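Overview (structure and organization)
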4 protein chains.
Amino acid sequence: MDEPMKDLAARGRARTDWIRSRMPLLAQARADFAETLPFAGHHIGMSLHLEPKTAVLLETLQAGGAQITATGNLGTTQDDVVAMLREQGMTVLGARADSPDEHLANVAAVVEASPDILLDNGADLAAIAVERGKVAQIIGGTEETTSGGLRLRGELAGLTPFPSIVINDSILKAIGENRHAVGQSTVESFMRITNVMVPGRRFLVVGYGWCGRGIAQYLRAFGGQVAIAEIDEIKAFEAALDGYRVGEAAALAGWADVIITATGQPNVVGAEVFAQMRSGVILANTGHFPWEIDVPGLRASAASTAPIGEGMERLEFADGRHAILITGGRMFNLGGANPKGNSLESMDLGFLLQSLSLERVVTNPASLTAGAQPVPDDINREIARRFVAALDAAR
Amino acid sequence: MDEPMKDLAARGRARTDWIRSRMPLLAQARADFAETLPFAGHHIGMSLHLEPKTAVLLETLQAGGAQITATGNLGTTQDDVVAMLREQGMTVLGARADSPDEHLANVAAVVEASPDILLDNGADLAAIAVERGKVAQIIGGTEETTSGGLRLRGELAGLTPFPSIVINDSILKAIGENRHAVGQSTVESFMRITNVMVPGRRFLVVGYGWCGRGIAQYLRAFGGQVAIAEIDEIKAFEAALDGYRVGEAAALAGWADVIITATGQPNVVGAEVFAQMRSGVILANTGHFPWEIDVPGLRASAASTAPIGEGMERLEFADGRHAILITGGRMFNLGGANPKGNSLESMDLGFLLQSLSLERVVTNPASLTAGAQPVPDDINREIARRFVAALDAAR
Amino acid sequence: MDEPMKDLAARGRARTDWIRSRMPLLAQARADFAETLPFAGHHIGMSLHLEPKTAVLLETLQAGGAQITATGNLGTTQDDVVAMLREQGMTVLGARADSPDEHLANVAAVVEASPDILLDNGADLAAIAVERGKVAQIIGGTEETTSGGLRLRGELAGLTPFPSIVINDSILKAIGENRHAVGQSTVESFMRITNVMVPGRRFLVVGYGWCGRGIAQYLRAFGGQVAIAEIDEIKAFEAALDGYRVGEAAALAGWADVIITATGQPNVVGAEVFAQMRSGVILANTGHFPWEIDVPGLRASAASTAPIGEGMERLEFADGRHAILITGGRMFNLGGANPKGNSLESMDLGFLLQSLSLERVVTNPASLTAGAQPVPDDINREIARRFVAALDAAR
Amino acid sequence: MDEPMKDLAARGRARTDWIRSRMPLLAQARADFAETLPFAGHHIGMSLHLEPKTAVLLETLQAGGAQITATGNLGTTQDDVVAMLREQGMTVLGARADSPDEHLANVAAVVEASPDILLDNGADLAAIAVERGKVAQIIGGTEETTSGGLRLRGELAGLTPFPSIVINDSILKAIGENRHAVGQSTVESFMRITNVMVPGRRFLVVGYGWCGRGIAQYLRAFGGQVAIAEIDEIKAFEAALDGYRVGEAAALAGWADVIITATGQPNVVGAEVFAQMRSGVILANTGHFPWEIDVPGLRASAASTAPIGEGMERLEFADGRHAILITGGRMFNLGGANPKGNSLESMDLGFLLQSLSLERVVTNPASLTAGAQPVPDDINREIARRFVAALDAAR
């Protein structure tokens, strides 16, 4: 039953080839690093979702001379990619089938391997390093997520004597990933999962931050009629001038065919909206956490619920209405059958932010301070310049 | 290994439930037909792709009192749907694994069952009925495709003494399916198959008919830069005023990141374009026939070709350039992993055209003439009205 | 007080220079005609609005060797342009201050001058030629308007033994003028006259023909929220799929901030809409005839009316509501202060249709039949090709 | 020859009626102020462009109990509005025909009237108050412009012991005025002045700040093809992802039909662009200062220049090319014949920022500090909320 390790690695390589061929920013960094070897003599410990796109990031760091010890996220590690990376000489811990305890042991094992640089995710490595007194040898690193940044500035404040550059707070991610890539993968996923027509449909987008702006823009571009619910007055003003209907979520619930949340906040679609929503409404969330729609409350108020097609659930209510819940309220633009996630270019962008930020940690640590901090301005500008050049945008 | 027939039917039902729940036009027709029983005493012979959406059409005709004998297309019949339809009392011939000979035998068997109404596809049933002298009992029917209509007006002209209403020539299909549904499924499929970013990318759309207009409109709406190649002067004029760059395909091939064909014509992307195209270009076709890109010529001119990800093939050329061919030049908006095809609403629309046209055949044959003819104007108008009402578009 | 004729002509020339420099299609025709002299020995009688753009058309015909006798429309003749044209050797009758009787005498005088070619407008010249038995020497001509075409096919049917090519029915006019040029001049004029913001405003467009499509498209592009009222079911269907709210005018009147008519039909905005309209609503018409809004009915139902700013009138109603009527219900995209009318390029297009159609009348009369007829297909295609080339659209 | 003062005031009133009726935010403030009388006992000295929109602001402040002494800008004061305001009891100094010396005397006279509140423009009043030692009685005020804010923080730093709230730096102005209102008035003015078609035309927008974004967005929405030149890497990245062609101005000059500057910087279109630009190119500036196009350099390099139509100048070059310069390089969206300027709603917004900021100065001076400062966050939010409510955006 088990696939031989060699075949598994070959499969990983086949899947990674296309992706690598469409990540020109990392290709350039890989070539540069192969000459300058910034990470020679350094050991990078990493905790990050392991799939083909991240594999290209790891190859890039390895090309720069880094020794690598890595582990993935619980339940999402792709074993063929792991096999490929091991063949390429990296120490990669974990498998998709790992239990929570096994996963925690892997994260701890990364820290125990005494890396001097961390590529962290949710501050998991940093927290364990602090807990186990393993911070002394660390010269710095990066933190992928905003929530990891909050944790470094909160419960870990003052405990990590090394710099952590928070990647996700870069304006390039806001524009390139949140607005455009999430905006488009949301529309693509809506069609892919439901097969429902966009033009002429009514969409209520809850939240008008970077993600909400992108989602609203692309739904309207596809012929949808779009309304915005947003409690921040300035963003609501912006939405109104951008030409959207703007109002309270509950007041617009009877109008909407589809309600999509993108706020980052819990329970923004709850009992008040459920009471008003149109029968047949489709409910979906694109926020990182699965808490924006009050799914427990919704299910509790239903007379019955049943799966209906992949990624969809039909809830019937006593008053005769029904609703369709997409991917159980979890981030649906990465869900359903065959999700591709955000575009290759947006990942290429984010991983160049990782690469150049890690390079800065080793080449100019004096320019950084201890603790969480933004991507240095000159790195943002350099990457913006390279991205436009890679697009050959002047054509 | 074989799934019991009962389980197979249950799977068919599960897949059809969501789809049926989102086809309100057929739901209304089903309810109307159940009262008026227009097809009572009639026998409909059918040849049409058998999957959940067509199943809902068959149920609708059956609700109107029709006896049904049906078969599918070669190689695309979905066995679970067949099992479900058989449980519902229809005679359904064929299976996905059928050989070409078995398939032809099934089509002939439909004709031999002596239906008095044909729901035809490519004029296959009509041709066999003529060949076998089985036309006398046929009072009329519908033809799904434009090419079937051409055949009825060509090689079969004067040989079919009954009326055949050609569904695909309806203006409602041009607008609702070709422009909007194909336009959107093309963008969705491009992202689903390649995971490549749309904004900032250069797209050359070859052909500015209904499909090309929709594809260009939605690619631009998604931030793509779009150029049009079109040999018809009036359509090229329209494209220029719609704000697109307009020129010869070969002249724009060096500019385009992606080339998509939508002309219906053979070899519109051939040696001249291959000679000029940019390295890394992605080539895809949305036209019905797989002949718009000269795939044999492309492969013959390549130094090597290899599959790269599902639905993609990488071709390397001696001069160092490479190209990516999507789904081997076949209609890519129905290809790759997990294709959903055109929206449920556009299928609902097309199948109501079928339903009301077939009803007209039995209720007012005197209003029709022998041979191929367009959907009666009043049926188009009635369906347009119902579609707008079903959208509740005045909200 | 009177301006000397020489100064008047100089003013006409100054105003015409910019316009001529931006009409490349007529420039090319002028150069071609100067070589081929198709109109040598011919005498063109013309009735058409006399302003700088038409002056460039007349110069083009004169360059082709034509003798010209022309008159303008009642009350819109621009005297400086007339003076310039006279200096250039044309016989031009009429002045802005002409009375209706004087105007009619001028039209008759054009006919009495015995031209052999007519460039007609509303079939005025043809009707007089028939009435006075002056048709024998006429070899053919053009008719600018759709209503003139209807007249030729109606009351004058069989009475005009020469071909009349109807310019306005060309698909190039539908696309280039009605959709795009009127669409844009409508938005421009709305802002120019009212100074009211477009984004976030609610617009009800009554009519979804070529003009209505363009108006709706550009209002939405400018951030407006747009609804469509359309009684033709197919057009309403198209509007719904184009993503607009679609409903009855009266039902949407309470929602709209602005109501714009573009139907060609009388009284499409009347008592039913007036009863429901929102206080402060702005009412405007872009159709050719000033009858789409029932202005007499509106004023009769008002408690008071008063001009408010140039091109605007405020009507107060007994129930406390008020409405703003733009340019008295006349075609407002040509009204208000400083109207520029449709773009130079759209006029260049329409006048090349005139020029090449008139050329056809003299060079290949055998290809034409007596009476009203469309622009020959090859002329449409040739002009489409030249327009795209003049745009240098392949850049 | 002189119009009697009474008639002049009547004309001012007539022109102001429409405008006042479309400024709902100021109407509400006027009603509120009439109850709360925040400015009772206060004297507001003002220097601001005097036309109907500002008249409505002055009325609003007067309704709040203020004594008002005002003067306008050099050469733009509208005498009928002045007459009307005087009739309403305000002290208004100046006339359109004033000489520079007379104008300066008027500004000084406002200061000498010893107002305790300043509504300043370019820090003119503040500078004179400092110079003449007249700051002691001033409790605070507002500054309309960004450049006035820079002056207060620069040469006047530490010299004005009172708070000055800088209106133009509010995010509401960036969104509501710079992006949307300037974006739209630019397109409107382009069509109004040139009568040139937008769809299919190539536009190079230099600068991708708030104004540039709006201009590019609306030109593209109108069917234009748009490229961006921007030296800030982050903004260039944003433009590329927004789907525009992005490159150097000189490199794109040979492609563009129209070049529009919106940078705020001097000479962004100069010799390098002139050398490459396409013959017939139209050059226009929307920035506040007339220095973005190097007009002296352009004219010096021309073989001849001549006015051609209102607001346009044609320059011929020795190499046979020509260019069209709009309004001499001055802010063209406020130029040409019959300019309406930014929308009434955007002015209503800006003047409510003035009104509520001035109210804050008198009602809660303790919340402010000496010198230039941004609009308080709660005022921005309150105005955003009122703007959305006035739009009735939830409809």
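**Observations concerning the overall build of chain A**
When helices and strands are tallied, chain A shows 15 helices and 15 strands. By the burial criterion, 59% of the 395 residues in chain A qualify as buried. For chain A, long-range pairs separated by at least 24 residues make up 66% of all intrachain contacts whose partners lie at least 6 apart in sequence.

**Quick look at the domain arrangement of chain A**
With domains assigned, chain A is organised as domain 1 (5-169 + 343-391) and domain 2 (177-334). Taken over C-alpha atoms, the centre of domain 1 of chain A sits 33 Å from the centre of domain 2 of chain A.

**A word on the interface of chain B and chain A**
Contacts between chain B and chain A engage 33 residues on the former and 33 residues on the latter. Those elements that place two or more of their residues in the side of chain B that touches chain A are helix H1 (5-21), helix H8 (171-194), helix H9 (210-221) and helix H14 (344-363) of chain B.

**Quick look at the relation of the copies chain B and chain C**
For the pair chain B and chain C, the superposition axis carries a translation of 0.0 Å, the fit reaches an RMSD of 0.0 Å, and the rotation angle comes to 180°. Seen this way, the second copy is the image of the first under a two-fold rotation axis. Residue Ala-221 of chain B, judged by its C-alpha, is the member of chain B lying nearest the rotation axis, at 5.7 Å. Comparing interface residues between copies, 100% of those in chain B also lie at the interface in chain C; the contact surface is shared.

**Considering the sheet that holds strand S15 (residues 371-374) of chain A**
Residue and element names in this part refer to chain A. Strand order in the open sheet formed by seven strands is S3-S2-S1-S4-S5-S6-S15, and the pairing between neighbours is parallel. Because the sheet does not close on itself, it has two edges, and the strands there are strand S3 (91-93) and S15. Neighbour-to-neighbour, the strand axes of this sheet turn through a mean angle of 20°, independent of strand direction. Bridge count for strand S1 (residues 43-47) against strand S2 (residues 67-71) is five bridges, and the pairing is parallel. Across the sheet, the residue bridging to Gly-45 is Thr-69, located in S2.

**Focus on the packing of helix H2 (residues 24-36) of chain A against helix H15 (residues 377-391) of chain A**
All names here are of chain A. H15 packs onto H2 with a crossing angle of 115° between their chain directions and a minimal axis gap of 10 Å. The orientation of H2 with respect to H15, classified from their angle, is roughly perpendicular. Seen along the crossing, H2 lies across H15 with a hand that is right-handed. Residues Pro-24, Leu-25 and Gln-28 of H2 touch H15, and the partners they reach there are Arg-386, Phe-387 and Ala-390. Per-class residue counts for the contact of H2 with H15 are four nonpolar, one polar and one charged.

**Looking at H1 of chain B**
An α-helical turn contains 3.6 residues, so a residue and the one three or four places further along point in the same direction. With 17 residues, H1 of chain B extends 24 Å from end C-alpha to end C-alpha; this agrees with the ideal 24 Å at 1.5 Å per step. Along its length, H1 of chain B reaches its greatest deviation from straightness, about 25°, at Arg-15 of chain B. Considered for burial, the residues of H1 of chain B that qualify are Leu-8, Ala-9, Gly-12, Arg-15, Thr-16, Trp-18, Ile-19 and Arg-20 of chain B. Residues of H1 of chain B that are buried make contact with strand S13 (312-316) of chain A together with helix H3 (52-63), helix H4 (79-87) and H14 of chain B.

**Concerning the pairing of strand S6 (residues 163-166) of chain A**
Residues and elements named next belong to chain A. Side-chain alternation along S6 places Pro-163 and Ile-165 on one buried face and Ser-164 and Val-166 on a second face that is also buried. Bridging between strand S5 (residues 140-143) and S6 involves three bridges; their strand directions are parallel. The residue bridging Glu-143 from the neighbouring strand is Val-166, located in S6. Considered for its hand, the β-α-β crossover made up of S5, helix H7 (residues 146-153) and S6 is right-handed. Bridge analysis of S6 against S15 gives four bridges, and the strand direction is parallel. The residue bridging Val-166 from the neighbouring strand is Pro-374, located in S15.

**Observations concerning the confidence of the model for chain A**
Residue-level pLDDT values for chain A average 95, and 99% of them are 70 or greater. This prediction of the complex comes with two scores: 0.95 for pTM and 0.95 for ipTM.

**What to know about the relation of the copies chain B and chain A**
Mapping chain B onto chain A is achieved by rotating through 180° and translating by 0.1 Å along the same axis, at an RMSD of 0.1 Å. Same-surface contact between copies: 100% of interface residues of chain B are shared with the interface of chain A.

**Topic: the environment of His-322 of chain B**
Residues and elements named next belong to chain B. By secondary structure assignment, the location of His-322 is in strand S14 (residues 322-326). Placed 255 residues apart in sequence, His-322 and Gln-67 show a C-alpha to C-alpha distance of 55 Å. When residues no more than four places from it in sequence are discounted, the contact partners of His-322 are Ser-279, Gly-280, Arg-314, Leu-315, Glu-316 and Phe-317.

**Thoughts on the sheet that holds strand S7 (residues 202-206) of chain A**
All names here are of chain A. Judged by pairing direction, the sheet is mixed, and its eight strands sit side by side in the order S9-S8-S7-S10-S11-S14-S13-S12 without closing on themselves. Sheet topology places strand S9 (245-246) and strand S12 (304-307) at the edges, where each strand pairs with a single neighbour. Note: S13 against strand S14 (residues 322-326), five bridges, orientation antiparallel. Bridge pairing in S14 links Leu-315 to Ala-323.

**Observations concerning unusual backbone geometry**
All names here are of chain C. Even without a glycine there, the phi angle at Leu-37 is positive, about 45°. Take Leu-37: it is sitting in the loop between helix H2 (24-36) and strand S1 (43-47). The class of Leu-37 is partly exposed, set by 13 C-beta atoms lying within 10 Å. The backbone of Ala-123 shows a phi angle near 60°, a positive value even though the residue is not glycine. As for its placement among the helices and strands, Ala-123 is situated in the loop between strand S4 (117-120) and helix H6 (124-131). You can call Ala-123 buried: it has 29 C-beta atoms within 10 Å.

**Regarding the interface of chain B and chain C**
Quoted interface sizes are often the accessible area lost when the parts come together. The interface is formed by 26 residues belonging to chain B together with 26 residues belonging to chain C. Listing elements by their share of the side of chain B that touches chain C, those giving two or more residues are H8, helix H10 (233-241), strand S9 (245-246) and helix H15 (377-391) of chain B. Split by residue class, the side of chain B that touches chain C holds 16 nonpolar, four polar and six charged.

**Details of the nonpolar core**
Residues Leu-204 and Leu-283 of chain A, Leu-204 and Leu-283 of chain B, Leu-283 of chain C together with Leu-283 of chain D are the most contacted members of the largest nonpolar core, which totals 514 residues. Excluding its chain neighbours within four sequence positions, the residues that come into contact with Leu-283 of chain B are Ile-259, Val-269, Ile-293, Ala-323, Ile-324, Leu-325 and Ile-326 of chain B.

**What about the pairing of strand S11 (residues 281-285) of chain D?**
Within a regular strand, the side chains alternate between the two sheet faces. Residues and elements named next belong to chain D. Here S11 lies mainly inside the structure; five of its five residues are buried. The alternating pattern of S11 places Val-281, Leu-283 and Asn-285 and Ile-282 and Ala-284 on opposite faces, both of which are buried. Of the strand pairs in this sheet, strand S10 (residues 258-261) and S11 are connected by four bridges, and their pairing is parallel. Counterpart to Thr-261 in the pairing with S11 is Asn-285. This β-α-β element, S10 to helix H12 (residues 271-276) to S11, shows right-handed connectivity. In this sheet, strand S14 (residues 322-326) lies alongside S11 in parallel orientation, the contact comprising three bridges. Opposite Leu-283, over in S14, you have Leu-325 as the bridge partner.

**As for the environment of Gly-207 of chain C**
All names here are of chain C. Tracing the chain through its elements places Gly-207 in the loop between strand S7 (202-206) and helix H9 (210-221). Of the residues examined, Gly-207 has 27 C-beta atoms within 10 Å and is grouped as buried. Separated by 80 residues in the primary sequence, Gly-207 and Gly-287 have C-alpha atoms spaced 9.8 Å apart. The residues contacting Gly-207, other than those within four sequence positions of it, are Gly-212, Glu-230, Thr-261, Ala-262 and Thr-263.

**Observations regarding the packing of helix H8 (residues 171-194) of chain A against H8 of chain B**
Between H8 of chain A and H8 of chain B, the least distance of the axes is 10 Å, while the angle of their chain directions is 110°. Our classification of the angle between H8 of chain A and H8 of chain B gives roughly perpendicular. Within the contact between the two elements, H8 of chain A uses Gln-184, Glu-188, Met-191 and Arg-192 of chain A and H8 of chain B uses Gln-184, Glu-188, Met-191 and Arg-192 of chain B. Within the contact of H8 of chain A with H8 of chain B, the residues separate by chemical class into two nonpolar, two polar and four charged.

Reading the values: rules and limits
Residues numbered from 1 in each chain as written. Chains lettered and ligands numbered in written order. Predicted model: local features only at pLDDT ≥ 70, side-chain atom pairs only at ≥ 80, totals over all residues. Helix = DSSP H or I, 4+ residues; strand = E, 2+ residues; numbered from the N terminus. Buried ≥ 20, exposed ≤ 12 C-beta atoms within 10 Å, placed from the backbone. Contact = placed C-beta atoms within 7 Å. Domains from an automatic or database assignment. Least-squares fit on C-alpha atoms with pLDDT ≥ 70 in both. Pairing = 2+ DSSP bridges. Axes fitted to C-alpha atoms, helices over the stretch in contact; angles between N-to-C directions. Parallel < 35°, antiparallel > 145°, perpendicular 65-115°, else oblique. Left-handed = near helix turned anticlockwise from the far one by under 90°. Nonpolar A, V, L, I, M, F, W, Y, C, P; charged D, E, K, R; others polar. Expected span 1.5 Å × (residues − 1). Bend = angle between axes of the 7 residues up to and from the residue. Right-handed = clockwise from strand over helix to strand, strands pointing away. pLDDT = per-residue confidence, 0-100. Core = buried A, V, L, I, M, F, W, Y, C linked by C-beta atoms within 7 Å.

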